[in-house]
Structure formats: structure tokens, C-alpha cells
Amino acid sequence: MIFCNAARPNPRCLRMYLLEKRLTLPIREIDVDAGENRHPEFIQHNPGGQVPVLILDDGFWLAETGAIFQYLKEKYPVPSLLGATPEERAETRMWQRRIERRITEPLYATFHYGPVAAMYRNRMLILPECVPGLEKLVHDGLLWLDALLAWRTVIVPHRFTVVDIVLYTALDFGSRVGQPCDNGLRNLHAWFAAMDNRPSAPVSLHPKAAVTGIRY
Ligand SMILES: N[C@@H](CCC(=O)N[C@@H](CS)C(=O)NCC(=O)O)C(=O)O
């Protein structure tokens, strides 16, 4: 297996997952700034044109963090950051989808359509006019989550899961690219501080983070 890595938040999410699972994989660095992930040889294997990708031993390119988490959980079941039973895994997937739909996907789209629109214009459809609405969506999602976190310390009740990693890496990134969390969201900030204290949080940062100051 080879992990196609980059200085970006979704690859960081996979790095943190691997650290929590105590797994080490050979790494191939992809230069996303230079558009290496959009070259024909990359696209031919991964039409989504994005990172991370896991190149499996049979040569298949597996993209999408959710699919990669699932695959690695099946290969290396313990510790399971998805759940120990079919019910727990389904519950984790349910929360992951909610967090992606309400928070992380609009947060990343705000980044693509805003500060880096010029770099991404020839890669994807850029809709700058959507930024104000997307920002409202993210805020609404965070408000919703803040209320839920009054009753628990992790997103999926009673279990630290991959969903905490998905949200933490997105919000940490957002904090440095013009999307800080509202200070009034106290439960969310307490949850974030606990995530930030996990040993995997600093170790999962890409070496480029020390140069750019961006948390990816
Ligand atoms: N849904 C995908 C999202 C992956 C994604 O957004 N990757 C970004 C980096 S965080 C990327 O490759 N951006 C560069 C590009 O689109 O050219 C996943 O979960 O893996």
C-alpha cells in the first residue's frame, strides 16, 4: 500500500487516523500546489483528482477518506475508530455524514471559492457568490453541534471516533484560512481543546505547516 499524501487537511485527517491506529504506510508526496494531482496520469487512476489516495497492493487507487477509513478498519480492525459492531459502525457513518454535510464540506468549499479561487479556477467549478451562504451553513452546523456537545465530550456518543478527527482537522485548518470558530461556542471549543491535546494532533501536521503556518 502507498499513501498519496500532501500538505492539505484531508490527507492530514488520514495521517491522524493512521497515528491513532498506530499504522505506518509508505508515503508518496503529491504537490497539490503545483497541480500534480490534476495531471493526466493521476486523473486516469483517480478521476476525482484529489488527495488522499491509497494505492492498494493490487494497484487499485482508493480515494475518498471515508472509503479509505473503512478499508483500513477492515484490514486492521483494532483499534477501531469506526466501531466494534455493525450498529456502532452505522452510527459512526451517520455522524460522519452529518458532520461532512453540515460543516466540513461547506467549510472546504468556502476555502476553494474564496482565498484560493485563482489557483483552483482551472481545476473545478468556482462559485464565489456562494461563499456568504456557505459561511452561514458552517456557522449553523457549528451552533447545532455546540448544543449537542453540552451533553457529551465526543461527537458520536461515548466513543472517540474518526468523526472527531474529520471535524478537528477541518476546523484546525479553517482557523488559519479565515474561518475561525465563533468564540461563543464554548462546548465546541472545549471539545476542540481536548482533540488538540491528543498526541496525534501535532504529529499529524505536515512538515510544510511549520513554513506556511497553515494547519494541515
Ligand atoms: N471527499 C474527498 C475530499 C478530498 C479533498 O478535498 N482533497 C483536497 C485536499 S484537502 C484536494 O485534493 N484538493 C486539491 C484539488 O482539488 O486539486 C475526501 O474525503 O477524500
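Given the structure is predicted, the values throughout are model-derived calculations rather than measurements.

## Some details on the domain arrangement of the protein chain
- Along its sequence, the protein chain is organised into domain 1 (2–75) and domain 2 (86–203).
- Listed as interface residues are 11 residues of domain 1 and, on the opposing side, 11 residues of domain 2.
- Elements with a minimum of two residues in the side of domain 1 that touches domain 2: α1 (9–21) and α3 (65–75).
- Looking at which element gives the most residues to the side of domain 1 that touches domain 2, the answer is α1, with 7 residues.
- For the side of domain 1 that touches domain 2, the residue count by class is 6 nonpolar, 2 polar and 3 charged.

## Digging into the packing of helix α4 (residues 86–113) against helix α7 (residues 162–176)
- Two elements in contact, α4 and α7, have axes whose closest approach is 9 Å; the angle formed by their N-to-C orientations is 10°. On the basis of the axis angle, α4 is roughly parallel to α7. Taken together, the residues of α7 that come into contact with α4 (itself represented by T92, W95, Q96, I99, E100, I103, T104, L107 and Y108) are V162, V163, V166, L167, A170 and G174.
- For the contact of α4 with α7, the per-class residue count stands at 10 nonpolar, 4 polar and 1 charged.

## Notes on the packing of α4 against helix α6 (residues 131–148)
- Two numbers describe how α4 lies on α6: the axes approach to 8 Å, and their chain directions differ by 150°. For the element pair α4 / α6, the angle class is roughly antiparallel. In terms of crossing hand, the pair formed by α4 and α6 is left-handed. Contact with α4, carried on its side by R102, I103, P106, L107, A109, T110 and Y113, involves V131, L134, E135, L137, V138, G141, L142 and W144 of α6 and no other residues of that element.

## Things to note about the site of the ligand
- Taken together, 13 residues form the shell around the ligand, and within it R8, N10, Q50, V51 and T65 come nearest.
- Along the lines of polarity and charge, the residues of the shell around the ligand split into 4 nonpolar, 5 polar and 4 charged.

## Notes on α4
- Relative to the 40 Å expected for 28 residues at 1.5 Å per residue, α4 spans 38 Å between its end C-alpha atoms, a close match to the ideal helical length.
- Approximately 50° is the largest bend angle found in α4, and it occurs at E100.

## Let's talk about the environment of C4
- Mapping C4 onto the fold places it in strand β1 (residues 2–5).
- What makes C4 buried here is the crowd of 24 C-beta atoms within 10 Å.
- In contact with C4, other than residues within four places in its own chain, are R28, I30, V51, P52, V53 and I55.

## Considering the environment of K136
- Structurally, K136 is set in helix α6.
- Residue class for K136 comes out exposed when judged on the 11 C-beta atoms lying within 10 Å of it.
- Taking the C-alpha atoms as reference, K136 lies 9.2 Å from P106; in sequence the two are 30 residues apart.

The rules behind these values
- Residues numbered from 1 in each chain as written.
- Predicted model: local features only at pLDDT ≥ 70, side-chain atom pairs only at ≥ 80, totals over all residues.
- Domains from an automatic or database assignment.
- Contact = placed C-beta atoms within 7 Å.
- Helix = DSSP H or I, 4+ residues; strand = E, 2+ residues; numbered from the N terminus.
- Nonpolar A, V, L, I, M, F, W, Y, C, P; charged D, E, K, R; others polar.
- Axes fitted to C-alpha atoms, helices over the stretch in contact; angles between N-to-C directions.
- Parallel < 35°, antiparallel > 145°, perpendicular 65-115°, else oblique.
- Left-handed = near helix turned anticlockwise from the far one by under 90°.
- Near = placed C-beta within 6 Å.
- Expected span 1.5 Å × (residues − 1).
- Bend = angle between axes of the 7 residues up to and from the residue.
- Buried ≥ 20, exposed ≤ 12 C-beta atoms within 10 Å, placed from the backbone.

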